[in-house]
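One-letter residues, chain by chain:
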Amino acid sequence: MSAVRLSDLLMRDVDSDPMITGVTADSRKVSSGHLFVALPGTAADGRAFIPQALTQGAAAVLAPQDTPDGLAPLLVRSGDVRRAYALAARGFYGAQPATCVAVTGTNGKTSVAAFCRQIWAALGRKSASMGTLGVVAQSGAVTEALTQPGLTSPDAADAARLMATLAEGGVTHLALEASSHGIDQRRLDGVTLKAAAFTNLTQDHLDYHGDMEAYREAKLRLFETLLPRGRTAVLNADSDAYSTFASASIMSGLGVMAVGERGRDLSLIERRAVPEGQRLVLDVRGARHEVSLPLAGAFQASNALVAAGLCIAAGEEPGAVLAAMERITGAAGRLQRIEGGTRGGEAYVDYAHTPDGLETVLKALRPHATGRLIVVFGAGGDRDRGKRPLMGEIAGRLADIAIVTDDNPRSEDPEAIRAEVRTGCPFALEIGDRRAAIREAIGMMRDGDVVVVAGKGHEQGQIVAGVTHPFDDATEVAEALRLNA
Ligand SMILES: CC(=O)N[C@H]1[C@@H](OP(=O)(O)OP(=O)(O)OC[C@H]2O[C@@H](n3ccc(=O)[nH]c3=O)[C@H](O)[C@@H]2O)O[C@H](CO)[C@@H](O)[C@@H]1O[C@H](C)C(=O)N[C@@H](C)C(=O)N[C@H](CCC(=O)O)C(=O)O
Ligand SMILES: Nc1ncnc2c1ncn2[C@@H]1O[C@H](COP(=O)(O)OP(=O)(O)OP(=O)(O)O)[C@@H](O)[C@H]1O
Ligand SMILES: N[C@H](CCC[C@H](N)C(=O)O)C(=O)O
Ligand SMILES: [Mg+2]
C-alpha cells in the first residue's frame, strides 16, 4: 500500500503534512509513519495509548475534539472522530468493489448477505459477503473464506482494507452486514453504498443501546446518513417498524422498494411449503412470477425477497434475479438440518439468539413436527439481560419440551443466566452442560419429532469465564445422533 498525505486522508489543512503509511485505532498495530486514531471506547480510552503509538513510530494522532494539547507532536482533532477514522481509512486503502450494498435488522442480516452473494454469483458477477461469517468471496459455485467469523461489522480500518483486497481480487459486488453497533460506531461510514436494506426490528442489544428507541435510531442511521440520496432503501414491509423506516428513507431523499407480503414492489402473493423448500408466487411491479425456493420457513422466504430486492436495486434485471433465487443455499448454522443416525425425527442447528428469532424458528419448524418439537437453547452472558425471560417464555409456549442450557456465559455466572431464562419457563429442563443437553434432546427424539439446537449456529466455541472452549453444535448433534443410532 503506498503512502498518502495526511491532509488528503483528513480532507483538511493540517499544521504539518507527513506521508501516512497506515491507519489504525489499535496502538498495538502502529508502525512507522502510521496515523493512530485514539478512540474513547467502552472498555478503554484510546488516548491512554498515544505514548505507545508514538514510541512505535506514529506520524500523527487523530483524537476527539476535547483532547488536551501536548499529547502528541502532530495532533488533529475531530468532532466525530469515529467517522473521521472511517473516512481516513477509506482514503488510505482506496479501492472498493464497485457495487456495495448493506443490510441491517435484528435478525436475517447474515442470511440476506449470503443470498445476495449467491444471486450475484449466479448472474456471473464476482461477489462477496462481509459479516458474522467473515468475508466470503464467490465466483460461480466456488466460495473462498478470506477471514474467520468475527464481528458482524468489522472495525473501520479492517473493513476498508478487506474491501480493497476484494476489489484488487476482481470482486465487483459486495453485500455487507450492518450491525447496530457497527453503524453507531461508524465502522461502515467509509463504504460507498448503492443500496441498503432493512429486515426487522425486535428486542436485542439493549445492554448497549439502552432502549428500543436508541436501537432503532442506530439502524435508521444506515438510511438517513450512510446511503446517498437518490439511492434505494429495500424495506421489509411485513416488519412492524416498516413505516418508520419508509418515512425516514423518503425524508432522506431515497427511493423505497417495499418487499414482502405487504410489499408493493416485490410482493409475496402466495407461499406453499413443498418437500424441497417452498413455492413462492410473486408480483414484481405488476408481473407475476413463480419461484421454487430451496429453503424452508417463512423467514427464509422473507430474507430471500430482501436479498432479491437489494440485487435489483443495485442494478440487476428482476427476471434474472428471481431465476437465481432457485439455486440459493442457506447460510451455515441457520436452520441447518443435521443428518445422521438411524432414528426417526429431524434435527436442526439454528442461530436464533433473540426472542423474535427463537419464536420465528420454532414457528417455522412446528409444521415439520408430527410428533414433538424439542428445543435446546440458552442466552449469552454480557448481553441484553431483558432477552432472557422472554426467550424462556417463547420456548416454554412454542416447544413441547424445552431444555435450558449455556450459550457463551462469557464473564457471567452460567447458573444465574439459566435462572433468569427459567423465570419465563419454570417447567423447562435445565442442563447447563451444552453437550449433555444436546445428547439428552437427541436421546428423546422419536419418529415425527423435531429437535432444534438454537443460539450458536456456526459458532465454533463456548466462551466461559472469558476462555473460548472449542464447541460446534453441528458436530455435537451429529455425534449425539451417532451415539443414539
Ligand atoms: C461494545 C463494542 O462494540 N466494542 C467494540 C469496540 O470496542 P471499543 O471501541 O469500545 O474499544 P475499547 O476496547 O474500549 O478500546 C478503545 C480503543 O482503544 C484501543 N486500544 C485498546 C487497547 C490497546 O492496548 N491499545 C489500543 O489502542 C482500541 O483499539 C479502541 O480503539 O471496537 C472494538 C474494535 O473494533 C471491538 O473489538 C469491540 O468489540 C467487542 C469485543 C464486542 O464484543 N463487540 C460486540 C458487542 C459487537 O460489536 N457486536 C456487533 C453486533 C453483533 C450482532 O449482529 O448482533 C458486531 O458488529 O459484531
Ligand atoms: N427475517 C427473520 N425474522 C425473524 N427471525 C429470523 C429472520 N431471519 C433469521 N432469523 C432467525 O435469526 C437467526 C439468525 O439469522 P441471521 O444470522 O441471518 O441473522 P443476523 O441478523 O445476521 O444475526 P447477528 O445479529 O448475529 O448478525 C436465524 O438462525 C433464525 O433463527
Ligand atoms: N452478534 C450476537 C451474537 C449472539 C450469539 C449468541 N450465541 C450469544 O453469544 O449470545 C451478539 O454478539 O450479541
Ligand atoms: Mg449476522
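Residues numbered from 1 in each chain as written. Chains lettered and ligands numbered in written order. Predicted model: local features only at pLDDT ≥ 70, side-chain atom pairs only at ≥ 80, totals over all residues. Heavy atoms only, no water.

Trainee: Mind showing me how you'd approach the site of ligand 1 here?
Mentor: Close to ligand 1 lie 24 residues; T42, A43, T152, S179 and H205 are nearest. Within the contact set of ligand 1, an oxygen atom lies 2.6 Å away from a backbone nitrogen or oxygen of A43. Contact with the protein chains removes 75% of the 1100 Å² of surface that ligand 1 exposes when unbound. For the shell around ligand 1, the class distribution of residues is seven nonpolar, 10 polar and seven charged. Two domains each donate at least three residues to the shell around ligand 1, and these are domain 1 (4-78) and domain 2 (94-326). (Near = heavy atom within 4 Å. Polar contact = N/O pair within 3.5 Å; in protein donor to acceptor, adjacent residues only side chain to side chain. Areas by Shrake-Rupley, 256 points an atom, 1.4 Å probe, with all protein chains shown as cover. Nonpolar A, V, L, I, M, F, W, Y, C, P; charged D, E, K, R; others polar. Domains from an automatic or database assignment.)

Trainee: Teacher, can you tell me more about the side chain of H209 here?
Mentor: Along the chain, H209 turns up in helix α7 (residues 206-209). Residue class for H209 comes out buried when judged on its relative accessible area of 11%. Here H209 is in contact with S180, H181, D184, A214, Y215 and A218, once residues within four sequence places are set aside. (Helix = DSSP H or I, 4+ residues; strand = E, 2+ residues; numbered from the N terminus. Buried < 20%, exposed > 50% of the residue type's maximum accessible area, 1.4 Å probe, protein only. Contact = heavy atoms within 4.5 Å.)

Trainee: What exactly am I supposed to notice about the coordination of the magnesium ion (ligand 4) here?
Mentor: Put simply, a metal with four donors set out as a tetrahedron has ideal angles of 109.5 degrees, and one with six donors set out as an octahedron has ideal angles of 90 or 180 degrees. At this site the magnesium ion (ligand 4) is bound by T110 (OG1), T132 (OG1) and E177 (OE), with donor distances of 2.1 to 2.2 Å. Residue T132 is classed as buried on the basis of its relative accessible area of 7%. (Donors = N, O, S within 2.8 Å, 3.2 Å for Na, K, Ca; no water.)

Trainee: Where do I start with the nonpolar core in this structure?
Mentor: Taken as a class, soluble globular proteins show a tendency for nonpolar side chains to be buried jointly. Judged by nonpolar contacts, the single largest core of 39 residues is most densely connected at M130, L176, L193, L222, F223 and L235. Per element, the largest residue contribution to this core is five residues, and it comes from helix α8 (residues 212-226). If we ignore the near neighbours within four places in the chain, the residues touching L193 are C100, V101, A102, L176, L222, L226, L227, P228 and R231. Listed in part, the 37 residues of the second largest apolar core include F115, M257, V259 and L295. (Core = buried A, V, L, I, M, F, W, Y, C linked by side-chain atoms within 4.5 Å.)

Trainee: Teacher, can you tell me more about the sheet that holds strand β22 (residues 429-430) here?
Mentor: Across the sheet, which stays open at both edges, the six strands sit in the order β18-β19-β23-β20-β21-β22 with mixed pairing between neighbours. Since the sheet does not close on itself, it has two edges, and those belong to β18 (336-338) and β22, each with one partner. In this structure, strand β20 (residues 373-377) lies alongside strand β21 (residues 401-404), joined through four bridges in parallel fashion. From the neighbouring strand, F377 faces β21, where its bridge partner is V404. Against the sheet, helix α12 (residues 355-365) contacts β19 (346-350), β20 and β23 (450-454), and its axis sits at roughly 155° relative to β20. (Pairing = 2+ DSSP bridges. Axes fitted to C-alpha atoms, helices over the stretch in contact; angles between N-to-C directions.)

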